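So you can see what is in the structure, the chains are spelled out below.
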Amino acid sequence: MRQICSCAFGRKECKKRKGTMKPRLAKQMVKGLRLCENVTTTGRKRQMIHQQYEVDDHLHEECGVFGVYSQRQEDVASLAYYGLYSLQHRGQEGCGIVVNDDGVFDGHKGLGLVSEVFTGSVMKQFPTGKMAVAHARYGTTGGSNLANCQPIQVNHLKGKLALAHNGNLSNALQLRRELELSGAIFHTTSDTETIAYVITRERITAPSIQAAVSRAVDRLEGAFSLVMMSSTKLIAVRDPHGFRPLCYGKMKDGTYIVASESCALHAVGAEFQRDILPGEILTFDCDGIHSDTSHCGTAPKKMCIFEYIYFARPDSVIDGVSVHDARVRAGEILAKTHPVDADIVIGVPDSGLDAAMGYARESGIPYGIGLIKNKYIGRTFIAPGQDHRVDQVKIKLSPVESEVRGKRVVMVDDSIVRGTTSGRIVQLLRDAGAKEIHMRISAPPFLHPCYYGTDIDSREHLIACHHTVEEIAEIIGVDSLGYLPLGNLRDLCGSEEYCSACFNGDYPTVIPEDTRKDQFEQKLSQRKAGEKP
């Protein structure tokens with residue numbers, strides 16, 4: 001649980017330093033406050049809010065999906081393993097692989113990183129096969145437990161289904177209620193099981209699995225990039241808005257690969273073919289590839305702009321746009337819109353590095369490596385004890401003192417969500433001797449929740465909803481703060497076909513009636529009036 005100094009939000013004055021916090025900054029009350037030590041920054045002698053918090057304060061994207069279709073029996077599990085490894089940045093809660101061995105599904109899934117779940121002994125147990133579906137998860141609907149790990153496997157009247165999903169349904173609650181009232185029994189709290197139910201229900205009367213999927217797409221709302229397999233076919237689906245990326249490639253031996261990002265294609269030696277179109281249903285079987293575009297064009301394209309800013313790996317290309325190039329452009333725009341006299345430009349690893357290069361290139365200020373990331377720590381890092389004297393951010397990031405000491409530093413990062421991590425990173429640079437710190441963010445301020453596959457489900461958790469830019473700068477302890485202007489988002493992807501609802505509140509779909517991540521696992525005391533167990 002995040003812990004914030006009660007001196008900052010609970011009272012206007014601190015026991016140790018009086019009169020150091022502006023009265024406006026004392027208005028917001030935060031649940032679960034605990035009194036803790038105060039830390040004074042160097043240079044400007046301002047009072048910093050001392051916060052104990054989770055190591056990673058960035059937004060988290062839901063998942064990475066991966067699929068394999070081969071015309072011959074081979075070690076498809078290993079291909080899926082390497083594919084998941086390259087998509088690990090999209091989800092670290094859990095992962096899974098299901099192999100299709102001549103119609104018999106053999107799967108394994110678990111909580112943790114790919115290397116932790118799929119040990120050598122586990123991989124040896126997989127049979128050879130012609131198809132595989134794999135998934136790396138960071139849950140935005142449903143809790144972190146083994147039952148919610150994917151792929152989800154279903155046995156039904158007409159065969160089998162294994163399904164992996166990236167995104168978030170905005171009508172999941174409505175669909176789930178309809179299914180439960182008709183007798184459906186759910187084993188998970190994830191919206192992915194709802195998708196599986198809708199598809200299998202349609203399959204009972206549909207002439208083929210493709211037809212069943214097509215009917216299901218008509219009922220689903222929100223973000224869904226899917227990879228699924230039946231006993232004989234691999235199917236890839238992208239929602240009509242195209243919120244989340246999905247592409248496919250081909251290996252030299254003719255094996256087809258489907259993945260959330262093109263970087264996963266390169267990891268297994270597949271050549272990128274193309275992005276799957278918004279609304280397209282692509283089927284791989286013994287007769288080749290079949291494309292159903294009947295749902296294409298039924299909704300405006302709204303690719304998540306944050307894929308380019310943070311989620312995707314910089315070596316990926318999404319809908320024809322290089323992620324690296326988009327981030328460099330963001331940095332160049334920041335240099336034009338928020339110039340400052342400084343001695344060095346640094347980026348916060350990893351997604352801030354490309355934007356920092358762009359800022360340095362445009363401003364003429366030298367680019368340097370001011371922060372080093374511990375590459376052996378994942379987002380799942382948990383402190384072994386409760387000794388809060390150990391700053392967990394210091395375990396993950398370390399300043400290069402020779403680069404920042406006595407210098408005016410421009411620090412570029414991709415976002416500020418709650419402000420907790422940003423404040424600690426700034427303190428690291430202050431302690432390393434930075435003379436001034438000017439923070440530049442390669443995204444506009446987060447002002448609205450996302451309902452399409454990120455883990456921010458409430459304005460309560462967004463610092464920009466409660467403070468001005470100047471106040472945020474004071475809270476995190478920087479000398480100046482500048483965000484990417486909202487009007488410049490189109491410059492990142494070269495079009496207006498993107499979703500920026502988390503910045504401007506312009507949602508492409510109807511907002512769901514219940515937006516809680518744990519909406520399907522509420523305690524009795526937490527349920528709304530009228531809700532019955």
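Reference entry: report on the structure contained in this document. Nothing here was measured: the structure is a model prediction, and the numbers come from that model.

1. Here's the deal with helix α15 (residues 469-476)
Okay, step 1: Burial within α15 is extensive, with six of its eight residues counted as buried.
Okay, step 2: Burial in α15 covers these residues: E471, I472, A473, E474, I475 and I476.
Okay, step 3: Phi turns positive one or two residues past the end of α15, at G477, with a value near 85°.

2. Overview of a nonpolar patch on the surface
Okay, step 1: A contiguous nonpolar surface patch, about 330 Å² in accessible area, is contributed by M357, Y367, I369 and I372.
Okay, step 2: Following the sequence through the fold, I369 ends up in the loop between α11 (352-363) and β22 (371-373).

3. Considerations on the sheet that holds strand β25 (residues 436-441)
Paired through their backbone hydrogen bonds, the strands of a sheet run either parallel or antiparallel.
Okay, step 1: Within the open sheet, the four strands sit side by side as β21-β24-β25-β26. Their pairing is parallel. Looking at the sheet topology across the chains shown, the edges are occupied by β21 (344-347) and β26 (480-483). Each adjacent strand pair in this sheet contributes to an overall mean axis angle of 20°, direction not counted.
Okay, step 2: Across the face of the sheet, α11 comes into contact with β21, β24 (408-413) and β25 while running at roughly 160° to β21.

4. Concerning the sheet that holds strand β14 (residues 256-259)
Okay, step 1: Across the sheet, which stays open at both edges, the seven strands sit in the order β7-β6-β8-β5-β14-β13-β15 with antiparallel pairing between neighbours. Each edge of the open sheet carries a strand with a single partner, namely β7 (104-111) and β15 (271-275). Averaged over all pairs of adjacent strands, the angle between strand axes in this sheet comes to 15°, irrespective of strand direction.
Okay, step 2: As paired strands, strand β6 (residues 94-101) and strand β8 (residues 129-137) are joined by seven bridges and run antiparallel to one another. For C95, the partnering residue across the bridge sits in β8 and is A136.

5. Thoughts on helix α5 (residues 172-181)
Okay, step 1: For α5, the full list of buried residues reads A172, L173, L175, R176 and L179. In an axial view of α5, the angular spread of the buried residues amounts to 160°, which keeps them on one side of the axis.
Okay, step 2: Buried-residue contacts for α5 involve β10 (159-169), α6 (191-205) and α7 (209-219).
Okay, step 3: Positive phi shows up at G183, right after α5, with a value of about 110°.

6. Examining the pairing of strand β13 (residues 247-250)
Okay, step 1: Inspection of the sheet shows β13 paired to β14 by four bridges, in the antiparallel sense. Directly across from C247, in β14, lies its bridge partner A259.
Okay, step 2: Linking two consecutive strands that pair antiparallel, namely β13 and β14, is a turn of five residues; a positive phi of about 95° is found at G254 within it.

7. Looking at the environment of K252
Okay, step 1: Secondary-structure assignment places K252 in the loop between β13 and β14.
Okay, step 2: K252 gets classed as exposed once you look at its relative accessible area, which sits at 89%.

8. With respect to the side chain of Q150
Okay, step 1: On the secondary structure map, Q150 appears in the loop between β8 and β9 (152-156).
Okay, step 2: Classification of Q150 by relative accessible area gives buried; the value is 1%.
Okay, step 3: Side chain to side chain, Q150 and H135 meet in a polar contact 3.4 Å long.

9. Structural notes on the side chain of R176
Okay, step 1: As for its position among the elements, R176 is in helix α5.
Okay, step 2: Residue R176 is classed as buried on the basis of its relative accessible area of 8%.

10. Some words on the pattern of salt bridges
Okay, step 1: For the structure on display, the rule yields 19 salt bridges.
Okay, step 2: Note that E202 and R219 form a salt bridge whose closest N and O atoms lie 4.0 Å from each other. Taken as a pair, E202 in helix α6 and R219 in helix α7 lie far apart in primary sequence, 17 residues in all.
Okay, step 3: For E202, a relative accessible area of 15% puts it in the buried group.

Rules behind the numbers
- Residues numbered from 1 in each chain as written.
- Predicted model: local features only at pLDDT ≥ 70, side-chain atom pairs only at ≥ 80, totals over all residues.
- Heavy atoms only, no water.
- Buried < 20%, exposed > 50% of the residue type's maximum accessible area, 1.4 Å probe, protein only.
- Helix = DSSP H or I, 4+ residues; strand = E, 2+ residues; numbered from the N terminus.
- Patch = residues over 30% accessible without salt bridge, like charges linked within 9 Å, V, L, I, M, F, W, Y side chains within 5 Å.
- Areas by Shrake-Rupley, 256 points an atom, 1.4 Å probe, with all protein chains shown as cover.
- Salt bridge = Lys/Arg side-chain N within 4 Å of Asp/Glu carboxyl O.
- Pairing = 2+ DSSP bridges.
- Axes fitted to C-alpha atoms, helices over the stretch in contact; angles between N-to-C directions.
- Contact = heavy atoms within 4.5 Å.
- Arc of directions from axis to C-beta.
- Polar contact = N/O pair within 3.5 Å; in protein donor to acceptor, adjacent residues only side chain to side chain.

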